[in-house]
Amino acid sequence: MLAVAADTNAPNTRGTVQYEMVNRLDLSMENVPKEFAAMLPKEHRSGMVLYFTAANSLYENLVTPQKESSEFSAAGENSNIRIEISNGGNEEKTYTELATGRTVEQKEFMGKKFLISGSGEKLKWKISGRQKMLLDYPLQEAIAITDKDTITAWYTSRIPVAAGPMGINGLPGLVLEASVGKNLTVTATAVTPGEDPGIKIKEPVKGKKVSPDQFKKIVQEKEEEMKAQHGGEGVHINRVIVR
């Protein structure tokens, strides 16, 4: 883990970043018929915001989301397919204490809110040496490989805060662009350094308190239940787009 020593009173160690998040729906690995997949949206875009100081950060929807979902169903001789997509209707937040890595996430699953407390995933970053510019900020690339995905982050040392979107942090600068695997990307669209967001950075309080393992178990059990409801065959996909 790379640490950042920052002057908590410096203007460039606090502020706000707006991001566009793009989540691509890849059905190629889900055994979904091509004619059915053609009916579905290929991607979903949403606005997100990160409030940050040298001590902590809060990542959430840019605006209060409106509940909107789409459901597609089809049945064939050898298939039973139901796909439900929630288009940005979840009021999800991630609070991070940067010095300790402690996180509190507010997540919504199947209409219920949960508060998930943990230490966050400690990513092992490798600086690639690649550089580019975004919004007049020089960026450096860092890569971390987890059990599930390859995470690519582009950070700027001009804002020496170890914060970033989606819990992607621990680098010697603010993350302005990141990708998780091939289907999820976030890119900064506006950076407002010097703005004091302290009053907005609060731990989420809505939802049932669970551990990360408990939440994972809840999701798995619900998925098994829904699979059983559909005869245990074919394909069932439930997507909550906003992370």
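Scroll up for the structure.
Presented here is a report on the structure given in the accompanying data block. Since we're looking at a predicted model, the values are computed, not measured. (Residues numbered from 1 in each chain as written. Predicted model: local features only at pLDDT ≥ 70, side-chain atom pairs only at ≥ 80, totals over all residues. Heavy atoms only, no water.)

## Some details on the overall build of the protein chain
Assigned secondary structure in the protein chain consists of 2 helices and 15 strands. Counting the 243 residues in the protein chain, one finds 44% classified as buried. For the protein chain, long-range pairs separated by at least 24 residues make up 60% of all intrachain contacts whose partners lie at least 6 apart in sequence. Approximately 13300 Å² of the protein chain is accessible, and the part contributed by carbon and sulfur atoms is 48%. (Helix = DSSP H or I, 4+ residues; strand = E, 2+ residues; numbered from the N terminus. Buried < 20%, exposed > 50% of the residue type's maximum accessible area, 1.4 Å probe, protein only. Contact = heavy atoms within 4.5 Å. Areas by Shrake-Rupley, 256 points an atom, 1.4 Å probe, with all protein chains shown as cover.)

## Focus: the sheet that holds strand E7 (residues 102-109)
Pairing is mixed across the open sheet formed by 12 strands, whose spatial order is E9-E10-E11-E12-E13-E1-E2-E3-E6-E7-E8-E14. Taken across any chain shown, the strands that pair with only one partner, and hence form the sheet edges, are strand E9 (126-134) and strand E14 (208-210). Here the average twist between neighbouring strands, direction ignored, is 20 degrees. (Pairing = 2+ DSSP bridges. Axes fitted to C-alpha atoms, helices over the stretch in contact; angles between N-to-C directions.)

## Focus on the environment of Arg130
Among the structural elements, Arg130 can be located in strand E9. Owing to a relative accessible area of 52%, Arg130 belongs among the exposed residues under this scheme. Not counting the four nearest positions on each side in its chain, Arg130 is found in contact with Leu139, Gln140, Glu141 and Trp154.

## Section: the packing of aromatic side chains
The full count for this structure, using the stated rule, is 3 aromatic pairs. With centroids separated by 5.4 Å and ring planes inclined at 65 degrees, the aromatic side chains of Phe114 and Phe215 adopt a geometry described as edge-to-face. Within this pair, whereas Phe114 is found in strand E8 (residues 112-118), its partner Phe215 is found in helix H2 (residues 212-229), the two being separated by 101 residues in sequence. Phe215 matches Phe114 in its accessibility class, with the two residues each being buried. Taken together, Phe109, Phe114 and Phe215 form an aromatic cluster joined through their ring pairs. In this structure, Lys132 packs its charged tip against the face of Trp154, placed 4.5 Å from the ring centre. (Phe/Tyr/Trp six-rings, centres within 6.5 Å; stacked < 30°, edge-to-face > 60°. Lys NZ or Arg CZ within 6 Å of the ring centre and 35° of its normal.)

## Points about the environment of Met21
On the secondary structure map, Met21 appears in strand E1 (residues 15-24). With a relative accessible area of 1%, Met21 lands in the buried category. For Met21 and Thr187, which are 166 residues apart along the polypeptide, the C-alpha to C-alpha distance reads 6.6 Å.

## A short note on the pattern of salt bridges
All told, the structure shown has 9 salt bridges when counted by the stated rule. Through salt bridges with shared partners, a single ionic network connects Glu97, Arg102 and Glu203. (Salt bridge = Lys/Arg side-chain N within 4 Å of Asp/Glu carboxyl O.)

## A word on the side chain of Asn169
Residue placement: Asn169 occurs in the loop between strand E11 (150-156) and strand E12 (174-180). Given a relative accessible area of 15%, Asn169 falls into the buried group. Discounting chain neighbours no more than four positions away, the residues touching Asn169 are Thr96, Trp125, Ala162, Ala163 and Gly164.

## A closer look at the environment of Gly207
Tracing the chain through its elements places Gly207 in the loop between strand E13 (184-193) and E14. Sequence separation of Gly207 and Lys107 is 100 residues, and the distance between their C-alpha atoms is 8.0 Å. Setting aside residues up to four positions removed in sequence, Gly207 forms contacts with Lys113, Phe114 and Leu115.

## Notes on the side chain of Thr146
Counting through the fold element by element, Thr146 comes out in the loop between strand E10 (137-145) and E11. Judged by relative accessible area, Thr146 falls into the buried class, the value being 19%. At a separation of 3.2 Å, a polar atom in the side chain of Thr146 contacts the main-chain amide nitrogen of Lys148. If sequence neighbours within four positions are ignored, Thr146 has contacts with Glu121, Leu123 and Ile151. (Polar contact = N/O pair within 3.5 Å; in protein donor to acceptor, adjacent residues only side chain to side chain.)

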